[in-house]
Amino acid sequence: YEIRLSLVGSEMCIRDRVSTQSTGGISQQPVMSASSGDILSVALFGLGRAGSFHLKNIATHNRTRLLYAVDVDIQRAEAAASKFGCKALSSPEEALADPRVQAVIIATPTHTHYELLIKSIAAGKKIFTEKPVSLELKEIDEVYRLAEAKNITILCGFNRRFDASWIKLKEAVTRGEVGRPQMIRSTARDSPVPTEDYLKTSHGFFHDSGVHDIDVLRWVLNEDPVEVFSVAHTYLPQIEKLGDVDTILMVFKFKSGCVGTIDMSRKSVYGYDQRSGHSYIHRHPD
């Protein structure tokens, strides 16, 4: 018996209520009031690959207002400001000092997340940040400790946990509707291949993309693996020269006995395929 899950090109959308409970965080506060008349005023930090998705979502959501578009490339920020009617900045200080800004979205390169998180917490802003919070465990712990001390809502962008299809699967497994999970699989394909400029600051395929698949396997099963094995290869010259890989297979053994696999590729000739649509839960007869 199997359940097949299909996700096609899901994008992170701003939701009325988000919390970090499911991502190991500390707050269950709403990002904004539940009142239908409330508008959330936002500053967006970073207008690159991830930031462009957030920019469109903020602009089209009827309960958000973009006050600042912030990017080190001021021309990029000015282009966004002109299109979406906000103010362009090349650094975050003015946006963080503005009391009208209720929340910030951090979509800058990975190595800048920690500093921006610390500044945003100090400014008392609610936060959505792209993963990872930091590449250092001690810095991750510090961010959540400071946020908890100031009662700041902070959400790290493992967006699949908020996708209706994934939630349905997670709930079915939790309720025991599929029996005892024996095997779970996730597949990820990029298309087009990310730009070289993006890849240079992505910190590698495992950190940049694989972390989503690892997270969702752990979340669905509600357990951590006890054994992990991986093999990888590089076919694309532009990725090889960066010392990264473009093809990955990961195998996980969980404490319950369930076996998980993740297979990934940076190049999909048939198009973008982030559905995790080959994610199966095989049910034991018991």
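Structure first, text after, so check above.
Residues numbered from 1 in each chain as written. Predicted model: local features only at pLDDT ≥ 70, side-chain atom pairs only at ≥ 80, totals over all residues. Heavy atoms only, no water.

**Q** In this structure, what is going on with the overall build of the protein chain? I would like to understand it.
**A** Looking only at helices and strands, one finds nine helices and twelve strands in the protein chain. With 286 residues in all, the protein chain has 48% of them scored as buried. Of the contacts formed within the protein chain by residues at least 6 apart in sequence, a portion of 69% connects residues at least 24 apart. Total accessible area on the protein chain stands at roughly 14,300 Å², and carbon and sulfur atoms take up 52% of it. (Helix = DSSP H or I, 4+ residues; strand = E, 2+ residues; numbered from the N terminus. Buried < 20%, exposed > 50% of the residue type's maximum accessible area, 1.4 Å probe, protein only. Contact = heavy atoms within 4.5 Å. Areas by Shrake-Rupley, 256 points an atom, 1.4 Å probe, with all protein chains shown as cover.)

**Q** It is not clear to me how the packing of aromatic side chains should be interpreted in this structure. Could you clarify?
**A** Geometry of an aromatic ring pair is reported as the spacing of the ring centres plus the angle between the planes. If you walk through the whole model with that rule in mind, you get one aromatic pair. Lying across the ring of Y198, R49 places its NZ or CZ 4.9 Å from the centre. (Phe/Tyr/Trp six-rings, centres within 6.5 Å; stacked < 30°, edge-to-face > 60°. Lys NZ or Arg CZ within 6 Å of the ring centre and 35° of its normal.)

**Q** What is the right way to read unusual backbone geometry from this model?
**A** Where the residue is not glycine, phi is negative for most of them; where a peptide bond is considered, it is trans in most cases. Across the junction of K131 and P132, the peptide omega takes the value -10°, indicating a cis bond. As for its placement among the helices and strands, P132 is situated in the loop between β6 (126–129) and α5 (137–149). Here N151, not a glycine, exhibits a phi torsion of approximately 55°, which is positive. With respect to the helices and strands, the residue N151 is situated in the loop between α5 and β7 (154–156). Using a relative accessible area of 53% as the deciding quantity, one classes N151 as exposed. A positive phi angle, close to 65°, is found at H203, a residue other than glycine.

**Q** How should the pairing of strand β5 (residues 103–106) be read in this particular structure?
**A** Regular strands place their side chains on alternate faces of the sheet. Judged by which residues are buried, β5 turns out to be covered on both faces: A103 and I105 on one side and V104 and I106 on the other are all buried. In this structure, strand β2 (residues 40–45) lies alongside β5, joined through four bridges in parallel fashion. Looking at β5, one finds that A43 is bridged to V104. Strand direction decides the pairing type here: β5 and β6, joined by four bridges, are parallel. Within β6, the position partnered with I105 by the bridge is F128. Handedness of the β-α-β unit built from β5, helix α4 (residues 113–122) and β6 comes out right-handed. (Pairing = 2+ DSSP bridges. Right-handed = clockwise from strand over helix to strand, strands pointing away.)

**Q** What should I look at first to understand the pattern of salt bridges in this one?
**A** When their charged atoms lie close together, side chains carrying opposite charge are able to pair. Scanning the entire structure with this criterion turns up 18 salt bridges. As a salt-bridge pair, D71 and R76 come within 3.7 Å of each other at their nearest N and O atoms. A salt bridge links E94 to K87; the shortest N-O distance between them is 2.5 Å. The class of E94 is partly exposed, set by a relative accessible area of 36%. Via salt bridges that share partners, R49, K131, D190, D208 and R266 belong to a single interconnected network. (Salt bridge = Lys/Arg side-chain N within 4 Å of Asp/Glu carboxyl O.)

**Q** I keep staring at helix α1 (residues 49–60) and nothing clicks. Help me out?
**A** Given 3.6 residues per helical turn, the α-helix brings residues three or four places apart onto the same face. By the burial criterion, the buried members of α1 are G51, H54, L55, N57 and I58. Contacts from the buried residues of α1 go to β2, β3 (64–70), α2 (74–84), β5 and β6.

**Q** Just checking my understanding: could you explain the side chain of D98 for this structure?
**A** Note on placement: D98 falls in the loop between α3 (93–97) and β5. In this structure the side chain of D98 is engaged in a polar contact, spanning 2.8 Å, whose partner is the side chain of R100. Excluding anything up to four places from it in sequence, D98 contacts Y68 and K125. (Polar contact = N/O pair within 3.5 Å; in protein donor to acceptor, adjacent residues only side chain to side chain.)

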